[in-house]
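# Summary of structural features
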Amino acid sequence: MNKNTGQSGVFSLFKGVPLRRILIGLFLLQILLAVGLSTYLSIHNGQKAVNEVASELRYEVANRVEQNLQTYLSTLRQELRGNQNIIDIGLLKMENLATWESYLIKQLEIFPDAIALTASNEQLEHLAVEKLNDRQFLLRKADKSTGYDLYTYKIDSLGQRTQLPEAIKNYDARSRPDYQAAVNAKKFSFSQIFTALTEPTLLISASLPIYNSQGQLLGVNSALTHISQIGDLLQNIIVGKSGQVFIIERSGLLVASSTTEEPFRLQNGKPIRLAASQSENSLTQASAKYLTTKFSNFDQIQSLQQLDFSFDGKRQFLEIRPLEGELNLNWLIVVAVPEADFMGQIERNTQTTIFLCLGALGLATLLGIITARWITQPILDFSAATKDLALANGEDSVVIVQGIKELEVLGESFNEMIQQLRKSFTAQITKNEELELQVLQRTQELQQEVQVQINTERILKKHHQVLAELANHKAISEGKLETAFKVITEKAANALEIERVSVWLFNGDRTKLQCISLYELSTQRHSAGLERNLADYPIYFKSLTSARIIAISDTRTDLRIQELWHELLEPKNIVSLINTSIWVGGEVVGTVLYEQVDIPRIWELSEQNFVSSIAEFVTLTLEVCDRKRAESALREAKEAAQIAKRAKSTFLGNISHQLLTPLSSILGITEALQNQVYGTVNEEQRQSLNTLESNGKNLLELINQILEFTDIESSKIELQLAPTSIQGLCDSSLSFVKHLALEKNIHLSGQILEELEPIQVDERRIRQVFINLLTNAIKFTKEGGKVWIEVQPNSTNEYIFFSVVDTGIGMLSDDLFQLFQPFVQVENPSNRDATGTGLGLVMVQKIVELHGGTVHAESQLGKGSRFTVKLPWKKV
């Protein structure tokens, strides 16, 4: 049998080569192949793992950014939808923004994400509340009372206002971006980023247009937030060691960044938007420039894109995705992570592997030389020894070499190298498992948050349904207290699933609380009549009047209700309760009490909002009841006054007519006697006749005034309206009283603008008004004084003002209300000798009111008086 087969074939190439060189060459070739393959697989698998981890990290970070941003923006949407519900049930009205102030302040306390809440209507009215801190707010207001200028007030914790000097003239909220966004979209919408009015910062608003049942726009309700708050959200997200997140618009402008950099620059005190490619942060700037090069137009990006690029010779992982869910927020989320954040440990392991391989290669070379030098055994012995060499392929496989000691050392070195590689792979697998565990934990947390949100929405829907039913309930709208309180307590108990709900009101002197209605859920029973005295529970009573809501989770430890514990709470096992104050006319008139039995309860914010709304319905019922009582009393009083007025007019008219005929006869006979028709009269008789004539004429004037007064009150006078010259009207009135002024040496004048257009009035009646006012002014002005008439139109030429001014004796401001009472004269030591019927000013007021005008009096004791007549100035 020929065993010399090794001398043929490929081995013939080694013919004549020394065995030592062949062994060394073969050893080196095997080691080089094994080390090279292991190194290649280690580096390749490490890079693959880095790419996978980077992809997962970018995706997870972008998901977290989008979820946090959606949660933040949905809070603003939820807030505005809550306001819409309140408007729908009629608790707030866009036509009366004055009622919004306290509600918006409470909303800012409930929703801290919004820095300002605004309400604007189509009548140019605007109300905005901005939160400065937990105790102070800014109120910005523009309406008719401010001349439609925007005024700013600071509101402290006590509700006191302090007006700030800043004011914006002719403010029109309809031109602001938040208002325009809602009007253009005709539904809930986010505005474009815009500049704040009073500070150098950027804002974005969530706006909701409010329409009436006919589809007419009433106004817009908005919630504003700083763009910097979005940056704060991004800064809370950790992206590797040095990664970044930023948000841009499709125009390339920067919205927010996880760095501290602001998305704007100040230029002349005004913020100028900053493009991401102009950012001072090098990574943000490089990422933006790469995206600009990659995509000529950012509108092309409609789905998630995972990219990578080189920056400063280092690879950067990049992910860009559109923000979904908000149609008018056309933003892009960009996540940038340097590859160096992942490659540190991989590169260290690779270096270790290379050093080990080089060490193994050197050791193999040395062992080959030694082995070749010391091998003296026959080839068969060497073959027998190599047959014993085995390589295991399992997880715990090792290379076992028996025979030559140098080969055993080489085998041990090779096994150590395998262990180092296995440790490197195990560390990478452990890191991947940890990342998967973190993703799983975060997923579970998100599922829990979603479930909580679903439960909250279910409870809110139930609460809103109850509030809507109460808003439409007939007993509440008609002010039927007993029925309304039974409905309110029962529905509140069922909505909150609480054992006892009751309504308590203060008695007249506020010394006790009386239970008007109590509903118990377990027995479905209504009752009333319980009382609590101030003297027995002073601390509890003080708490009710000092806080709108008292929410107590453990009744055993809260000091505000310790007075109630042993006597009222412990016997019924009431472990939690919540009180809401009932406010009517700016005063606490009672409370709504909710009592939890057996199981303690932590009062959620939504529940506190709900019980506050229930208290508002109680307040509404009380106000409707009071209003109906007042309307009934007013109606009865009005009817009685009309009857008395008609009786008075009839009486005065009848008496005046009955007096007029005999008085005319008396004056006629007196005149005949003065003319000596019946014979001569002496001087003493003549004086008596003169006195009789004077008193008779005064009495005749009084009767004529009474008759005219009764005609006016009974609406028998018809005005003869005609275009009348204002200058001529004033001049003729001044001429009529000129002789009275000359008798007392009083300076009489007129201050009338030239070229005033005519006024449409009954000239005779208005001249009578001016003559009465001028006569009174002369009567109560001392000799040497002044009386004049002023004429001045208002700024819009809708009205014109006629003022009769004197430097007379004047009167106290407390006496002004008596001036326009019939048959009443103001008593004054200086005018005791003045005569009059007390009907002159009453006639003035009645005639002016028939013309659609008003009369206003101003006076100061010892300094004179001013009577101003305001008349419509209809151009003819």
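Residues numbered from 1 in each chain as written. Predicted model: local features only at pLDDT ≥ 70, side-chain atom pairs only at ≥ 80, totals over all residues. Heavy atoms only, no water.

### Thoughts on the sheet that holds strand β15 (residues 314-322)
Strands sit in the order β11-β10-β16-β15-β14 across an open sheet of five strands; the sheet is antiparallel. Here the strands that pair on one side only, and so sit at the sheet edges, are β11 (254-257) and β14 (305-311). If you compare each strand with its neighbour and ignore which way they point, the axes differ by 25 degrees on average. Direction of pairing for β15 relative to strand β16 (residues 331-338): antiparallel, over a ladder of seven bridges. For Phe-317, the partnering residue across the bridge sits in β16 and is Val-337. The sheet contacts of helix α4 (residues 227-235) involve β10 (244-249), β11 and β16, and relative to β11 the element is tilted by about 40 degrees. Of the strands in this sheet, β10, β11, β14, β15 and β16 touch helix α5 (residues 282-294), which is tilted by about 115 degrees from β14. (Pairing = 2+ DSSP bridges. Helix = DSSP H or I, 4+ residues; strand = E, 2+ residues; numbered from the N terminus. Axes fitted to C-alpha atoms, helices over the stretch in contact; angles between N-to-C directions. Contact = heavy atoms within 4.5 Å.)

### A look at the sheet that holds strand β30 (residues 799-806)
As summarised here, the arrangement of the five strands in space is β27-β29-β30-β32-β31, forming an open sheet in which the pairing is mixed. What marks the edges here is a single partner per strand, and that holds for β27 (747-752) and β31 (854-860). Neighbour-to-neighbour, the strand axes of this sheet turn through a mean angle of 15 degrees, independent of strand direction. Looking at chain direction, β31 and strand β32 (residues 864-872) are connected through seven bridges and run antiparallel.

### Let's talk about the packing of aromatic side chains
All told, the structure shown has five aromatic pairs when counted by the stated rule. With a centroid separation of 5.3 Å and an interplanar angle of 85 degrees, the aromatic rings of Phe-188 and Phe-190 are classed as edge-to-face. Each member of the pair, Phe-188 together with Phe-190, is buried. Each ring, one from Tyr-290 and one from Phe-309, has its centre 4.8 Å from the other, and the planes form 15 degrees; the classification is stacked. On the criterion of sequence distance, the pair formed by Tyr-290 in helix α5 and Phe-309 in strand β14 is long-range, its members being 19 residues apart. Judged by its relative accessible area of 8%, Phe-309 falls in the buried class. Following the ring pairs from residue to residue traces out a cluster consisting of Phe-506, Tyr-540 and Phe-541. One cation-aromatic arrangement involves Arg-532 over Trp-504; the distance from NZ or CZ to the ring centre is 4.6 Å. Lying across the ring of Trp-583, Arg-548 places its NZ or CZ 4.5 Å from the centre. (Phe/Tyr/Trp six-rings, centres within 6.5 Å; stacked < 30°, edge-to-face > 60°. Buried < 20%, exposed > 50% of the residue type's maximum accessible area, 1.4 Å probe, protein only. Lys NZ or Arg CZ within 6 Å of the ring centre and 35° of its normal.)

### Overview of a negative patch on the surface
On the surface, a cluster of negative charge is contributed by Glu-52, Glu-56, Glu-433, Glu-434 and Glu-436. Listing elements by their share of the negative patch, those giving two or more residues are α1 (19-88) and α8 (405-471). Broken down by element, the residue count for the negative patch peaks at three residues, all from α8. For Glu-56, a relative accessible area of 41% puts it in the partly exposed group. (Patch = residues over 30% accessible without salt bridge, like charges linked within 9 Å, V, L, I, M, F, W, Y side chains within 5 Å. Areas by Shrake-Rupley, 256 points an atom, 1.4 Å probe, with all protein chains shown as cover. Salt bridge = Lys/Arg side-chain N within 4 Å of Asp/Glu carboxyl O. Lys, Arg positive; Asp, Glu negative; His and termini not counted. Charge placed at Lys NZ, Arg CZ, Asp CG, Glu CD.)

### Comments concerning the nonpolar core
Counting residues in each nonpolar core, the largest one holds 54 residues, and the members touching the most others are Val-61, Trp-100, Ile-230, Val-245, Ile-247 and Trp-331. At eleven residues, α1 tops the list of elements feeding residues into this core. The contacts of Val-245, once residues within four sequence positions are left out, are Val-61, Val-65, Leu-234, Val-239, Ser-257, Ser-258, Ile-333, Val-334 and Val-335. Core analysis: the second largest hydrophobic core is formed by 37 residues, Leu-734, Val-804, Leu-816 and Leu-871 among them. (Core = buried A, V, L, I, M, F, W, Y, C linked by side-chain atoms within 4.5 Å.)

### Things to note about the packing of helix α17 (residues 763-779) against helix α18 (residues 840-850)
At a minimum axis separation of 9 Å, α17 and α18 run at an interaxial angle of 145 degrees. Between α17 and α18 lies a crossing of left-handed hand. Only Gly-840, Leu-841, Met-843, Val-844, Ile-847 and Val-848 of α18 make contact with α17, whose side of the interface consists of Arg-765, Ile-766, Gln-768, Val-769, Asn-772, Leu-773 and Asn-776. Broken down by class, the residue content of the contact of α17 with α18 amounts to eight nonpolar, four polar and one charged. (Left-handed = near helix turned anticlockwise from the far one by under 90°. Nonpolar A, V, L, I, M, F, W, Y, C, P; charged D, E, K, R; others polar.)

### Side note on the environment of Ile-86
With respect to the helices, strands and loops of the structure, Ile-86 is situated in helix α1. Ile-86 sits in the buried class, given a relative accessible area of 12%. Contact partners of Ile-86, with chain neighbours within four places excluded, come to Leu-91, Leu-92 and Tyr-103.

### Focus: the pairing of β32
For β32, a buried count of seven out of nine residues is recorded, marking the element as mostly surrounded by other parts of the structure. As paired strands, β30 and β32 are joined by eight bridges and run antiparallel to one another. Across the sheet, the residue bridging to Val-805 is Arg-866, located in β32. Here β31 folds back onto β32, and the loop between the two strands holds three residues, one of which, Gly-862, carries a positive phi near 85 degrees.

### Topic: the pattern of salt bridges
Going through the model one piece at a time under the given rule, you end up with 29 salt bridges. A salt bridge links Lys-462 to Glu-497; the nearest nitrogen and oxygen atoms lie 3.6 Å apart. One end of the pair, Lys-462, is in helix α8; the other, Glu-497, is in the loop between α10 (481-496) and β19 (500-506), and 35 residues separate them in sequence. Residue classification places Lys-462 among the partly exposed positions, given a relative accessible area of 30%.

### Considerations on helix α15 (residues 726-736)
Of all the positions in α15, only Ile-726, Leu-729, Cys-730, Ser-733 and Leu-734 are classed as buried. Seen from one end, α15 has its buried residues packed into an arc of 125 degrees, which puts them on one side. Facing away from the buried surface of α15 by more than 90 degrees, the exposed residues are Ser-735 and Phe-736. By the N-cap criterion, in which a side-chain oxygen at the helix start approaches the backbone nitrogen of a residue two or three places on, α15 is capped by Ser-725, the distance to Gln-727 being 3.5 Å. (Arc of directions from axis to C-beta. Polar contact = N/O pair within 3.5 Å; in protein donor to acceptor, adjacent residues only side chain to side chain.)

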